[in-house]
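Chain residues, written in single-letter form:
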Amino acid sequence: MSADLETKVNQLEKWWKTQTQLPEKIERVLLKNFLVAMAGELDGAQKVILLNYKLRNKYDHIFLKRDPLAEVSQNALKTIDILPLPGRTPENYKMVLYRIEDADSEKFKFTECITALFMVMDCSLAADSDDICDGEIIIYDMAGYTLKHLARTNISTLRVFMKYTQEARAGRVRQIHILNAASYLDKVLSFVKPFMNSEIAKVLHAHLNGSDTPYEFFPRELLPEEYGGNNGKISNIRQHWWAKLKEMRGYLMDESRWKLNNPNPEITESIKNLEID
């Protein structure tokens with residue numbers, strides 16, 4: 001980390017301690033990620049942090065009431081894979097693979113899956129230590145995803161997911177790739193696009209089954225073996241993150257890290273009035 005960024009992390013940490021409404025604890029690595037996501041802009045990082053914790057507390061059923069070992073969480077993790085992949089691209093981007101593991105749409109509980117996703121991402125950010133990436137490449141594999149899955153999407157949860165990931169996360173999405181794009185992808189996108197900002201729309205790419213076009217954007221070798229890469233087997237990567245969730249269960253469920261601490265009336269009112277476009 002550069003000396004300039006280290007100085008800004010110190011400044012951001014000092015600011016955090018003056019914000020009595022914010023949780024008591026935060027990992028320095030999260031402060032680093034907020035700064036990197038905002039290109040080192042201190043004021044921008046502060047605004048994103050405040051929005052992050054307002055969203056977490058307004059929608060506590062998604063962000064705060066969570067336990068990776070609970071049955072609902074375990075069922076979600078058996079339905080979908082949320083897999084931050086080892087390694088980095090030449091641009092120092094982290095790659096994250098989302099895929100359907102169990103194609104039975106009856107088992108697809110959208111809100112529970114989103115809660116599980118955020119648990120994995122919170123663990124991933126905290127576990128990176130000083131290995132801060134400069135952005136993320138998100139890969140959605142549509143194999144196994146059907147219109148029945150789409151029909152089970154909770155609109156309210158989708159709005160929160162899009163708002164949070166686009167405006168409030170301690171990270172920056174650099175590219176989004178949809179693999180094995182199905183013939184009904186247009187229906188899926190028409191469902192999501194009302195909540196998608198123009199910046200994300202510009203970096204969204206769809207790829208047909210068997211196409212080599214994804215590898216114009218990222219090295220194939222960073223994918224799991226099942227995708228023709230040499231970055232380990234999906235089952236091993238999955239087990240790594242399941243073990244990490246168990247290891248960091250206390251971190252994820254520690255309200256002193258996530259819950260606003262006696263917010264002042266102004267903050268309380270702003271949370272009540274927080275709207276998702």
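All figures in this text were calculated on a predicted structure; none of them were measured in a lab.

Criteria and cut-off values
- Residues numbered from 1 in each chain as written.
- Predicted model: local features only at pLDDT ≥ 70, side-chain atom pairs only at ≥ 80, totals over all residues.
- Heavy atoms only, no water.
- Core = buried A, V, L, I, M, F, W, Y, C linked by side-chain atoms within 4.5 Å.
- Buried < 20%, exposed > 50% of the residue type's maximum accessible area, 1.4 Å probe, protein only.
- Helix = DSSP H or I, 4+ residues; strand = E, 2+ residues; numbered from the N terminus.
- Contact = heavy atoms within 4.5 Å.
- Phe/Tyr/Trp six-rings, centres within 6.5 Å; stacked < 30°, edge-to-face > 60°.
- Lys NZ or Arg CZ within 6 Å of the ring centre and 35° of its normal.
- Pairing = 2+ DSSP bridges.

Asks: An account of the nonpolar core is needed here, citing residue identities and associated values.
Replies: In this structure, Ile-49 and Ile-82 are the most contacted members of the largest nonpolar core, which totals 87 residues. Residue contributions to this core peak at twelve residues, all from helix α6 (residues 110-127). In contact with Ile-82, not counting residues within four places along its chain, are Leu-77, Leu-97, Tyr-98, Cys-113, Ala-116, Leu-117, Val-120 and Met-121.

Asks: Could you give an account of the packing of aromatic side chains, with specific residues and numbers?
Replies: Enumeration over the complete set of coordinates arrives at ten aromatic pairs. Aromatic pair Phe-108 and Tyr-145: ring centres 6.5 Å apart, planes at 90 degrees, arrangement edge-to-face. Residue Phe-108 is located in the loop between β2 (94-100) and α6, and its partner Tyr-145 is located in the loop between β3 (136-141) and α7 (147-151); the two are separated by 37 residues in the primary sequence. Residue Phe-108 shares its accessibility class with Tyr-145, and that shared class is buried. Residues Tyr-251 and Trp-258 carry aromatic rings whose centres are separated by 5.3 Å and whose planes lie at 80 degrees to one another, so their mutual orientation is edge-to-face. Cluster of aromatic residues (ring-pair linked, three or more members): Phe-63, Phe-118, Phe-161 and Tyr-164. Here the basic side chain of Arg-56 rests over the ring of Tyr-53, its NZ or CZ set 5.9 Å away from the ring centre. The aromatic ring of Trp-258 is capped on one face by Arg-66, whose charged end is 5.0 Å from the ring centroid.

Asks: Lay out the pairing of β2 in plain terms, naming residues and giving numbers.
Replies: For β2, the buried fraction is high: seven of the seven residues fall into the buried class. Burial along β2 is two-sided: the face carrying Lys-94, Val-96, Tyr-98 and Ile-100 and the face carrying Met-95, Leu-97 and Arg-99 are both buried. Summarising the sheet, strand β1 (residues 80-84) and β2 pair through five bridges and their orientation is antiparallel. Note that in β2 the partner of Leu-83 across the bridge is Leu-97. Where β2 meets β3, six bridges bridge the pair, whose relative direction is parallel. Residue Arg-99 lies in a different strand from β3, and its bridge partner there is Asp-141.

Asks: Can you break down helix α2 (residues 28-37) residue by residue, with the values?
Replies: Within α2, eight of the ten residues are buried, leaving the element largely enclosed by the surrounding structure. Summarising the contacts, the buried residues of α2 are in contact with α1 (3-18), α3 (42-58), α6 and α12 (249-253).

Asks: Could you give me a rundown of the side chain of Thr-111, with the residues and numbers involved?
Replies: On the secondary structure map, Thr-111 appears in helix α6. When residues no more than four places from it in sequence are discounted, the contact partners of Thr-111 are His-61, Ile-62, Asn-154 and Thr-157.

Asks: Before we move on, could you go through the environment of Arg-159 and cite the residues and values that matter?
Replies: Looking at the element boundaries, Arg-159 is found in helix α8 (residues 155-167). Separated by 69 residues in the primary sequence, Arg-159 and Pro-90 have C-alpha atoms spaced 33 Å apart.

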